[in-house]
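Okay, here's what each chain looks like letter by letter:
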Amino acid sequence: MTAHIGLPERRGNLEDRLAILTTLAYGAALDDEKWDAFLQACSDLVGGGVRTCLFGYDADARIELGARQFGYDPAYQLSYAAYYSQKDFLAARLMEEGPGRVVPYGEVWNDFGLRNTEFYDDWVRPQEDIIGGCSVLLFKQEKRLFAFSGSIRSRDSDQLERPWQRIVTYLTPHLRQAFEVARALAGAELEKKAMVNVQNPARTGCLVVSRDRRIVFANRQAENMLDSGELVRSDFRQRLLFADPTWDQRLGQILASRILTTPQTLRLLNDLPTPFICRIAPLGSDDLGTRSSGMLFGREEPCFLLTISQEHDVPDIGERLRNRFGLTPHEAQVVLHISSGLLAKEISEIRGTSVHTVRNQIHNAMSKMEVRRQSEIVRIVAAMRNPLLQ
């Protein structure tokens, strides 16, 4: 199965070592911090002569969306992010290729062309002339990409070029699958945060958009709304637009605000039989969890979390909890978080309080509600949201 890769059999069986790489890749889908171990293991497999990298890039804005690297000089990593990412001819070439195709660097430039560039003089040559290697596009979304690459010193190219390309070819389907897992999990985390206090999560659209309205994430309900076009739609650049010009203008004003720190609400009326509510909240980097690669946008880029749901003439659940059980506002909010499936640690991060404080509030709320298990809290809140469950 793996004998064609052509690497020396050292430090264990080759097939076992490749299996370890795939395990590390899938582990990184669950925890973004594990990509570092994956990149180092890839380099070690060919004897440490390859400098490895996972990176995201926005071709329109010409900005790097974040990178994880192994083997590159830290000073050169900074110079690339600050300056050379705007001149990245490799990213432009990858955008022309379909996801999954391994692109050897020899196809991207020739020696004469490369050696007459500022990039070569200031970045490639000082790092031991790293002109060899290859890249593969894992995912492409409009003008954004996420790729895996490795650079090889010119003196090592004859020995390592072909084995490295074969390893990248072997890993590509696994990396693409791991990336899709990361995207799904990152979306699920955001969706769970968005559904707090939502009366009917199964019929609520959840979207993440950038300040320029680009749709970064949409759950299934939001995709259905975009397809129907009655409330929202997307243009050819995958930017979010409201069907009604008045709503769309208001959305633009909210997203353009430089001081938006609290959620904003739009009540969508018009000629719809049932009014809809759109809640817009700023999305901080802490809300992204540990899977930045799963969402394909930079942690410094302003983004917003939108939920779109039907408006119901039902009293606020938090107010009903306070009136029925004598809960404090903070206790009622914690109960709603519990009913949405959040753990104490997650609640503390959302509310900016200690886990100890949250646990005390949970204990006090359970005592007032006369329940012994958190599952009973979930049942009570579900019944309050839907009387048919009582």
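Notes on the structure follow. For every chain, the first residue of its written sequence is number 1, and the numbers climb from 1 along that sequence. At least 70 in pLDDT is required for a residue's local features to be given in this predicted model, at least 80 for side-chain atom pairs to be given and counted, and no such filter applies to totals for whole chains, interfaces and linings, which use all residues. For the side-chain quantities, the full set of heavy atoms in the structure was used; hydrogens and water were omitted.

**Looking at the overall build of the protein chain**
Across its full length, the protein chain carries 16 helices and 12 strands. Relative to its full complement of 390 residues, the protein chain shows a buried share of 48%. Within the protein chain, counting contacts between residues at least 6 apart in sequence, those at least 24 apart form 59% of the total. With the model as given, the accessible surface of the protein chain reaches about 19400 Å², and the carbon-plus-sulfur share is 49%. We count a stretch as a helix when DSSP gives it H or I for four or more residues in a row; a strand needs E for two or more, and each element gets its number in order from the N terminus. For the exposure calls, accessible area comes from a 1.4 Å probe over protein chains only, and a residue counts as buried if that area is under 20% of its type's maximum, exposed if over 50%, partly exposed in between. Note on contacts: a residue pair qualifies if any of its non-hydrogen atoms lie within 4.5 Å across the two residues. All accessibility values rest on the Shrake-Rupley procedure with a 1.4 Å probe; residue burial counts only the protein chains present in the view.

**Some points on the nonpolar core**
Remark: nonpolar core denotes a set of buried residues (Ala, Val, Leu, Ile, Met, Phe, Trp, Tyr, Cys) joined through side-chain atoms within 4.5 Å. Leu21, Trp35, Phe38, Phe148, Trp164, Leu171 and Leu175 are the most contacted members of the largest nonpolar core, which has 33 residues in total. For this core, the secondary-structure elements that each account for two or more residues are helix H1 (14-30), helix H2 (35-45), strand S1 (50-58), strand S4 (132-141), strand S5 (144-152) and helix H8 (157-194). A total of 10 residues in this core trace back to one element, the largest contributor, which is H8. The residues touching Phe38, leaving out its near neighbours within four places in the chain, are Leu21, Leu24, Ala25, Phe148, Leu171 and Leu175. Counting 23 residues, the second-largest nonpolar core is a separate cluster that includes Trp247, Leu255, Ile280 and Leu306.

**Quick notes on the sheet that holds strand S12 (residues 303-310)**
We treat two strands as partners when DSSP finds at least two bridges between them. The antiparallel open sheet is built from five strands, whose spatial order is S7-S6-S12-S11-S10. The sheet is open, and its two borders are formed by strand S7 (215-218) and strand S10 (264-268), each paired with just one other strand. On average, each strand axis in the sheet is tilted by 20 degrees relative to the strand beside it, whichever way the strands run. Bridge count between S10 and strand S11 (residues 276-283): five bridges; the pairing is antiparallel. Residue pairing for S11: Leu266 is matched across the bridge by Cys278. With respect to the sheet, helix H9 (residues 220-228) is in contact with strand S6 (205-210), S7, S11 and S12, its orientation differing from that of S6 by roughly 80 degrees. Each axis is a line fitted through C-alpha atoms, taken for helices only over the stretch in contact, and angles between the N-to-C directions span 0 to 180 degrees. Its contacts with the sheet place helix H10 (residues 245-256) against S6, S10, S11 and S12, and it is angled at close to 175 degrees to S10.

**As for H2**
By the burial criterion, the buried members of H2 are Trp35, Phe38, Leu39, Ala41, Cys42, Ser43 and Leu45. Count one or two residues on from H2 and you reach Gly47, which has phi positive near 90 degrees.

**Observations concerning the packing of helix H12 (residues 317-325) against helix H13 (residues 329-339)**
Interaxial distance between H12 and H13 falls to 9 Å at its minimum, and their mutual angle equals 120 degrees. Taken together, the axis directions place H12 and H13 in an arrangement best described as oblique. For the crossing formed where H12 meets H13, the hand is right-handed. Two secondary-structure elements touch here, H12 through Ile317, Gly318, Leu321 and Arg322 and H13 through Pro329, Ala332, Val335 and Leu336. The class makeup of the residues in the contact of H12 with H13 is six nonpolar, one polar and one charged. For classification purposes, an angle smaller than 35 degrees is called roughly parallel, one larger than 145 roughly antiparallel, one from 65 to 115 roughly perpendicular, and anything else oblique. Helix crossings fall into two classes, left-handed where the near helix is turned counterclockwise from the far one by less than a right angle and right-handed where it is turned clockwise. Only Asp, Glu, Lys and Arg are considered charged, only Ala, Val, Leu, Ile, Met, Phe, Trp, Tyr, Cys and Pro nonpolar, and every remaining residue, Gly among them, polar.

**Here we look at the packing of aromatic side chains**
Centre distance within 6.5 Å is the pairing criterion for rings of Phe, Tyr and Trp, where only the six-membered ring of Trp is used; planes under 30 degrees apart are then read as stacked, over 60 as edge-to-face, and the remainder as tilted. Within this structure, the stated rule accounts for six aromatic pairs. Between Phe38 and Phe148, the ring centres sit 5.7 Å apart and the planes meet at 50 degrees, which makes this aromatic pair tilted. Remark: Phe148 occurs in strand S5 and Phe38 occurs in helix H2; sequence separation between them is 110 residues. Ring-pair connections join several aromatic residues into one group, and the members of that group are Trp35, Phe38, Phe148 and Trp164.

**Things to note about the environment of Phe119**
Position of Phe119 among the secondary structure elements: in helix H7 (residues 118-124). The spatial distance from the C-alpha of Phe119 to the C-alpha of Tyr80 is 9.4 Å, given a sequence separation of 39 residues.

**Overview of the environment of Asp31**
For Asp31, the position within the fold is in the loop between H1 and H2. Taking relative accessible area as the criterion, Asp31 reaches 25% and is therefore assigned partly exposed. Placed 151 residues apart in sequence, Asp31 and Ala182 show a C-alpha to C-alpha distance of 8.5 Å.

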